[in-house]
Every structure is written in C-alpha cells, then in structure tokens.
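Breakdown of the fold
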There are 2 protein chains.
Amino acid sequence: MDKTQKITIKDIARQTGLSKGTVDRVLHNREGVSKKSYAKVMKVIKDLGYEPNIYASLLAKHTERVIAVILPRCKSGEFWELSDPGIERGKEFAHNLGINVRRFNYDQYDENSFRRACNEALAMDPAGVVLPPMFRNETMIFVDKLRDRDIPHVYVDTKLETNGYLAYFGMPIYQSGYLCASILTDDTPTNEVAVIRIQRDKHGQSDPTINRREGFNDYIAEHFPNCRIHNVFINPNRPEEIDGILEEFFRSNPRVSQIAMFNSRIYLITPFLERHPEKKYRVVGFDNLAANLSALRSGMVTSLIAQRPDEQFYGAIKALTDFIVFGKVPSIRDNFMPMDILTRYNAEYY
Amino acid sequence: MDKTQKITIKDIARQTGLSKGTVDRVLHNREGVSKKSYAKVMKVIKDLGYEPNIYASLLAKHTERVIAVILPRCKSGEFWELSDPGIERGKEFAHNLGINVRRFNYDQYDENSFRRACNEALAMDPAGVVLPPMFRNETMIFVDKLRDRDIPHVYVDTKLETNGYLAYFGMPIYQSGYLCASILTDDTPTNEVAVIRIQRDKHGQSDPTINRREGFNDYIAEHFPNCRIHNVFINPNRPEEIDGILEEFFRSNPRVSQIAMFNSRIYLITPFLERHPEKKYRVVGFDNLAANLSALRSGMVTSLIAQRPDEQFYGAIKALTDFIVFGKVPSIRDNFMPMDILTRYNAEYY
DNA sequence: ATTTTTTCCGTTACCGTGCACGAATCGTAA
DNA sequence: TTACGATTCGTGCACGGTAACGGAAAAAAT
C-alpha cells in the first residue's frame, strides 16, 4: 500500500550521498557517471523499490511525442472505418500520458500513396508507429528505416513475419474460417455450400481471405468430406452484374442453401436474398459494417463474424504508449482478438 | 493541434489582472472570490479554451483518493472471479490518474456481511463506489448514505431503479434469455426443451435469472407456440443427487434434446452429458467459467453466452475515475455489454 | 471617525523530475 | 610540482497547479 511515503529521487540522493542530478543521470542512462556511483545508485533504487513519478516526469519534460498511425483512408461504410473508435480511445489513453496520436492515411489500392504516407509519418520523427502491413514490400522497406532509427512499431490486422515488431494485434484468420464453416453448417450434415468470392486484380496486397478460406475448407473436409464447395465470383465494381450471376448460379444449383463470404462485403448479396425469402438461405459473413448489420437485422444474413478492429488499434496504441512511457515490453507479443459471433439478437449491443 | 502553447493558469491570471491563486479558487469553486472576479475569470477561461494540466494538478495535490469496489468474495472458479481482470485493469487506469482502487468483499449469501463491507468502504471516505446491488434493501440504505455525502456510485451487473447512480454497466438480461432460446433452437422447429433450474431458498437477493427466463419463454412462445418447456430442478448443494434427477427426467422424456440453463453453472450437468454422448444434446449455458469452457471444448456444451463481467467493472471504474478527476459525466448512463456467443471454435480467444 | 469583522486576493513554498550550467575532482603530461 | 583537459558531479531553475498564510480592501459595528 501507499502507507509509506513514496520514494523520490531525493531519497535516493540522500541514501547514496550523491545529488539528484546524478541519480537522474543514472535513471536515464545518460553519460557522465562513474561506475562506482552508478552501481551505488542502482542498488539503492532496487533496495528502496523506487518508482518514478510520471506526473512530475511528464510535467518537467516538454518534448512533444507522437505516435503515428498509418492506415487506409476510412471511407464511410467500409471496413477501416470500424477501427475509428479504437483509435480515438487510444488517442485519449496516450494523451493522458503526454503523447499525441496522429493518423496518416492513404489509398488502400495505391502502393505509392502508401509509401508517401509512411514517409510523411517518418518525417514527424514519431516515437512509435502503428500500421497494418498492407503492402508487403513497401512495409519491409519502411520497417527497416524504423529499425535504423530505433522507432518501435506495432502491427494490426495482419502481420509480417519479420521479427522487429514490438507487438501484433489481429484476429486468428485461419480459425475464423474454421469458425465460419462450423456456424454455416451448424454441425449438421451438409452436402453443398456456396462461397461467394471477389474477383480482383491483385496489387501485391496482402489478402487475409486466403488464409480464412483454408480454415473454412479444412473444417468442411474434416467434418463433411463429401460436401461440395461451390465458388461463385462476383465483381464489386460491376454491381449490376451481381444479381444476374447469383440468380443464374442458384437456379442451376437449387440444393445449395448455405452461403459464406470471406470478406466484409456480404451486404452485396442482400438484394438477391431479399428476392428469395422463401429459400431461407443460411448466410454467414464477416465484419460488422453498417450495411451488414442491417442485413443481419432484417434476417437476410444469419450470422456475422466480427473481429473488433477497434480493439486492435486500441491495443496497439496502448501497448506502444506503455512501451514509450514506462518502457514496458508487452507481455504477449502476438495478440489475437476474440471472434464475435453476431446474430440478429445480440448485434445491437456491439 | 498543440502548435499554440498550452494555456496555463498563469496566462489566465495575466489576462484577468488577477493572481493564479484566485484563478485556482475559481477553478475549484472555492469560496472567497467576488462575483465580478469570478465572472471575469470564467470568461477568459472560456475564451482561451483553458484545460488544466492534470500532471501538475496530480503532482501538487497530495490527497489520497480511493474508489471502493464492493463485491462478493471471489471463490475460485465461480462467477465473480471473472470480474477480476477488469478490476485490475481499472485499477491501473485509475492509478495513472492518482486514484487507488480498493476492494471490499463479502459473502454473497450473507446480508450482514454485505452491510459490513459497505460500512467498511464508507469508513474510508471513498471518492466513489462501484457495486453490484446484491441485496436490494441494504443497497438502498447504503446508497442513501452515499448521496448524503455526495459520493458518486456506479452499478454493475444489475441495477436498482433508484436514480442517484452515476452509471450502470451490465448486460441486457431479458435479451440474453431471448438470445439463448434462439441459439438453442437455431430457429428450427422445436417441440420440447428442458430448462435446468436451481432450487434455492431465497435470501432477498436479486435474481437476474428470472428476467432471463422471461426472455427465453417469450422467444419460444413467439416462434414455437406449441413447444413445451420442461423445468428440471437441481440443488448444487447436493451434487450427488443431480445425476439421478437428470437420468430420471431424460429417461421419461426421451424426445427432449435441447437443454438450457440460466445461471453460470451449466458445468453441473456435464457428468450426465458425458455418459450420453450418443444423444447429441444441444446445450446452451451462460458465462465463461473455467469449468464451462472445458465442457465447451469437449463438445458437451454447444454454446455459452458470456457477458464480460470484466468489462463491466473496468467500464465502471473508468467512468468513475473520469468523473472524479475530470468531472466528466458519462455520456451513456446505462451501458449494456455485448453478449458474446462462445462455441468450441472461438472460445479460446476470449 | 475609529475599530472590528468579513470578504477578497496576492504571495509563496511546495509537489517530483528534467536538464543546463558550472564547479570540483581526477588523471596525465610537461 | 604545475597545468590542463577530461570526467564526474552538485546546484538551481523550470514545468503548471495547490493551498496555506497573511495582508489589503470593503463592509459592518461601535
């Protein structure tokens, strides 16, 4: 308890017969301290269990420190917007400890714009960086620069298998696919399922849905080896085509009644679903976008699996702040967020 | 941004032609300030957008402030233990803002012990109190005393319909029953379900399972009006009887294959379930106790609905701290936690 | 008008750290 | 021994706010 008066630098100075200036030098590993004094101070610090007073420290130190958060520009209704509240909470947390959080946005389909955002962040000489590694190569280059300058960084969403990162906050992607399959089939015998996929020209971006699909396929293979998985491709840039494709597919495969989608755009198929309420499709998608939630509420979508992007960013900023201010290395390096199962009956509380 | 130098009380003193002492008095509503000066200071504070520096404040203020958390003694493996990590996180948060969190425990079946804990807390002259209102009457009396002393309090878990509380953090209990029914039936036609209930001599305690049962019954009535709900009573204090009761019931009701339980003790029936793996019961319970989780992993329990008791306490302590330190009144007074649906495939990430 | 009381306000000494400045001490070479 | 640079260390102010102390001004009482 705090019954005993808190130990201060002055106490240590007195105990060692040195001055607070010297104690301060030891505490910050600054040069100009003899080995003997250094050892003496360290010993007393340990014996007395000294803990610095952060208020006093923050008050006396007037360097502006900033954490850079580099992420795709949040378009309204899209995935990255979900991380917003988490960033705000992180900002508040960091602010209480004297650190500003600044965001650097880029176009998630434009590698150059990503590079620009990174450089912009670097120019601020940040005390730490949070980013999802959207473009593999550019991220590697950027992270190397950070390492040169001793700037810690934390990955969110996905991570790179480099080992310089301080922490990672994301979802267990493979398992999310596995979970998706278990919900879709509800563990009851299943012969055919449809997976709606998105046709896209690759840009060297990391694509978490690949991993997720593996988990899905594995679950199906393990539990229902005879189940057939149909792949249906749609193109979000040609919304007018989608309905036709779906109509066509489900007309020729009338026995398929379970539908999954591995990205956040399950809402794309709701118009189709709404035209076939009698079919009672079982539909599982990902992420609690507003459009997805409304499909959930109306009963078109059965379940959504949500990954708390906000918690990811909050966790990342908090971990970075703790490291910068207190020197605390995160006890867990790879942090997996819970996968929330949302149905129409619990969605409104998320 | 913080480009412009932060406004300090010295700035305000200069602007108003008064001294920092007076400004300080105004800021804390202390007496001894003329109306004229008061108004002048308030105006300048507003004009310049002054925000106090909490570090300096915390540093200069040497009063020990404490938040009292009054809750049942956490027995290992029982419900209240789940709130522990949340209290710890809250403690850390509060600590960063110069507030200590102290717990006061009592026996959850003993009203006198609850009263003693309350008085003990009161004797510390706390700056705020967090408590689940376990005993209605005693809580009312206690809360009245708090109000007399202007001590804010926050309810967790359940709330009383008094209106003196600062905030409430809990789960939507009725809806949790509704959700439970929807998961148990998976929206497919159902004729019979079993609800395992606990026989207990009432002690004037609040019993959230009543409300939950209502939600459950309503869902069933709305969706499957012909479904029969069997009530099976067991007594946790006579564990040796439980198996016999269950065997007996399910022998005479062989068509019942869906089981729900509204308290946190679904684990009580796993021995029975394990002896009948061929029946493939669909089982839904509440709360992620260690014992429940292991039943989930082994496949005996289908789903658990968890209510994040830790988040409740964290939220409560945070809200109280924000109120005490910054005077912030919570933007949302009644805060409902998400109801997490846990299955064997996502449970390990909670 | 003078004294007493009350109201109002400025001054000042902190709180615990950070850091710049300059002084003391040490080692080494002339 | 003296001189001189390099180390090592102590001193003191600053950070922004708090609150006790006591003095000045205003109001009330004599």
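**Examining the relation of the copies chain A and chain B**
The two copies are related by a screw motion: chain A maps onto chain B through a turn of 180° and a shift of 0.0 Å along the axis, at an RMSD of 0.2 Å. These values place the two chain copies in the arrangement generated by a two-fold rotation axis. No C-alpha of chain A lies nearer the rotation axis than that of Tyr 55 of chain A, which sits 2.3 Å from it. Both copies present the same face, since 100% of the interface residues in chain A are matched by interface residues at the equivalent positions in chain B.

**With respect to the protein's contact with DNA strand C**
Near DNA strand C lie 25 residues; those nearest to it are Asp 24, His 28 and Tyr 50 of chain A together with Ser 19 and Ser 37 of chain B. Note that a phosphate oxygen of DNA strand C is positioned 2.9 Å from one of the backbone N or O atoms of Ser 34 of chain B. A distance of 2.3 Å separates a phosphate oxygen of DNA strand C from a polar atom in the side chain of Ser 37 of chain B. Elements supplying a minimum of two residues to the surface near DNA strand C: helix 2 (20-27) and helix 4 (54-60) of chain A together with helix 2 (20-27) and helix 4 (54-60) of chain B. Counted by class, the surface near DNA strand C contains nine nonpolar, 11 polar and five charged residues.

**A closer look at the packing of aromatic side chains**
Aromatic rings considered in pairs are described by the distance between their centres and by the relative angle of their planes. Summed over the entire model, instances satisfying the criterion amount to 34 aromatic pairs over all chains. Between Tyr 345 of chain A and Tyr 219 of chain B, the aromatic rings sit 5.4 Å apart at their centres with planes inclined by 90°, giving edge-to-face as the arrangement. Placement of Tyr 345 of chain A in the segment after strand 12 (340-342) and of Tyr 219 of chain B in helix 9 (residues 208-223) is noted, with the two residues assigned to different chains. The buried category is assigned to Tyr 219 of chain B, whose relative accessible area is 0%. Where Phe 93 of chain B meets Tyr 314 of chain B, the ring centres are 6.4 Å apart and the plane angle is 80°; that geometry is what we call edge-to-face.

Reading guide: rules and limits
- Residues numbered from 1 in each chain as written.
- Chains lettered and ligands numbered in written order.
- Predicted model: local features only at pLDDT ≥ 70, side-chain atom pairs only at ≥ 80, totals over all residues.
- Heavy atoms only, no water.
- Least-squares fit on C-alpha atoms with pLDDT ≥ 70 in both.
- Contact = heavy atoms within 4.5 Å.
- Near = heavy atom within 4 Å.
- Polar contact = N/O pair within 3.5 Å; in protein donor to acceptor, adjacent residues only side chain to side chain.
- Helix = DSSP H or I, 4+ residues; strand = E, 2+ residues; numbered from the N terminus.
- Nonpolar A, V, L, I, M, F, W, Y, C, P; charged D, E, K, R; others polar.
- Phe/Tyr/Trp six-rings, centres within 6.5 Å; stacked < 30°, edge-to-face > 60°.
- Buried < 20%, exposed > 50% of the residue type's maximum accessible area, 1.4 Å probe, protein only.

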